[in-house]
Amino acid sequence: MNGPLGASLAGLCLAATLLAAIVRPRGLPEAVVAVPAAALVAATGVVGLHAAWREVSHLLPVVGFLAAVLALAYFAELEGLFSYVGGLLARWHGPSGRHFLAWVFVVAATCTAVLSLDATVVLLTPVVYIAARHADRAPKPYLYACTHLANSASLLMPVSNLTNLLAFAVLRVSFLHFTGLMLVPWLAVVCSEYLVLAVFFRSELEEGLSGADFAAAEALVGPDRLPLFAIGVIGATLVGFVGASFAGVNEAWIAGAGATVLGAKALLDRKATVAQLARATNPAFLVFVVSLGVVVAAMQHQGLGNLSRHLLRQGSGFLAMLATAALAGLLSNIVNNLPALLILLPAAAERGPASLLAVLVGVNLGPNLTYVGSLATLLWRRVLHSQGLEVAAGEFLLLGIWTVPLTITVATAGLWLALRVLGA
């Protein structure tokens, strides 16, 4: 099925898939709508079966990598890593809100880069909230830091974000080279975010909670000793990623090995069951990613691919890269950042590494503008809701207006410089 009818059906399937992922009626997983949508576009010929299978085959190794990283973060939580960090934050919060915010930035940026943005949103955000309460601080600035850094600090490593993994599979550079190219943009973004949040929340950063009711605050009890085993396995896994790139080994095997070691210890220590370990990979979300890829491939087949080629700027100059990053950021807030990357990826890959990395800057930083920019931000809202907290959409947007144009600009400038020094 081609022509206007095919394009309309593909567009409706994509809209339904994204709406279900954002709203999640009755708490149903994202895959409940995504799988039938993918089956529909394949069965009706909107995208050929061969093209659909090619997309699935392309995504499976990336999804396997993601599953291993999600499991690694979950097993690190079982080892007490996040509660230990929360205990440190509560004790070492410093003499002012700005000092505490700086510590939260260090922890959130590191957690996002090493264990992925999902770990920061799901595992670190509740810990930061409790630590802020125990440090007698108004929690809002530190919670915003978690969601902003879950998106923006995910620039650094291929493992930091699913969007990075998808681009990394196309770039054909080593793990170390990717990280080296993104180091300067990452540092520039984290520093810029801190300065903006310190100014934007200057009054809240000086407010204490003296006199507030702490009865509802959970006790923050972390392990007395540093969870060295978990840290050692994570560190060895990161070293393994570097070695795997040079040896030509798929990094998913390294991530799987690290997750297996921590998972086996969790079973031996009776901290988790086999069923809990299986759920740690979030299989419903992985199926959603593959299904979404098929739906986006249908959109590409119906002419969206040609449109994206016309929209993307040619060239590796700063202004061309900035225009590409801005387009990717804008598209992320229209259709969410994962579909935005899948839409722009083929055209950006044809333009070369500079264009592809600029797209990554846009899809990772752009979602800080609105709630719908990334699934991680929507998940962050659900985490806050579970703590009895709500954040106004207007305030989120206003902070995004302050941060997103600035961070996209400084990140693109840093990337342009890194490409000139390190090459692509």
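What counts, and where the lines are drawn
- Residues numbered from 1 in each chain as written.
- Predicted model: local features only at pLDDT ≥ 70, side-chain atom pairs only at ≥ 80, totals over all residues.
- Heavy atoms only, no water.
- Phe/Tyr/Trp six-rings, centres within 6.5 Å; stacked < 30°, edge-to-face > 60°.
- Helix = DSSP H or I, 4+ residues; strand = E, 2+ residues; numbered from the N terminus.
- Buried < 20%, exposed > 50% of the residue type's maximum accessible area, 1.4 Å probe, protein only.
- Lys NZ or Arg CZ within 6 Å of the ring centre and 35° of its normal.
- Core = buried A, V, L, I, M, F, W, Y, C linked by side-chain atoms within 4.5 Å.
- Contact = heavy atoms within 4.5 Å.
- Salt bridge = Lys/Arg side-chain N within 4 Å of Asp/Glu carboxyl O.

Focus: the packing of aromatic side chains
Within this structure, the stated rule accounts for 14 aromatic pairs. On the numbers, 5.7 Å between centres and 50° between planes, the contact of Y144 with W380 is tilted. On the criterion of sequence distance, the pair formed by Y144 in helix α7 (residues 140–152) and W380 in helix α18 (residues 375–386) is long-range, its members being 236 residues apart. Summarising the burial analysis for this pair, Y144 and W380 share the class buried. Members of the aromatic cluster, joined through ring pairs, are Y144, F200, F201, Y371, W380, F396 and W402. A cation over a ring is seen here: K265 above F229, with NZ or CZ 5.4 Å from the ring centre.

Examining unusual backbone geometry
Phi at N282 is positive, roughly 55°, even though this residue is not glycine. Inspection of the secondary structure assignment puts N282 in the loop between α13 (274–279) and α14 (283–311). One non-glycine residue, N336, lies in positive phi territory at about 85°. Tracing the backbone shows N336 in the loop between α15 (318–335) and α16 (337–351). What makes N336 buried here is its relative accessible area of 3%.

Section: the nonpolar core
Counting 154 residues, the largest nonpolar core has L115, F288, L357 and W380 as its most contacted members. In terms of residues, this core owes the most to one element, helix α3 (residues 49–78), which gives 16 residues. Beyond its immediate sequence surroundings of up to four residues, L357 is in contact with L171, F178, L181, M182, L415 and L419.

Points about the pattern of salt bridges
A side chain with one charge can pair with a side chain of the opposite charge if their charged atoms come near. All told, the structure shown has 4 salt bridges when counted by the stated rule. Between D269 and K265 there is a salt bridge; the shortest N-O distance is 2.7 Å. Judged by its relative accessible area of 37%, D269 falls in the partly exposed class. Each of the salt bridges in this network shares a partner with another, and the network as a whole consists of E79, K265, D269 and K271.

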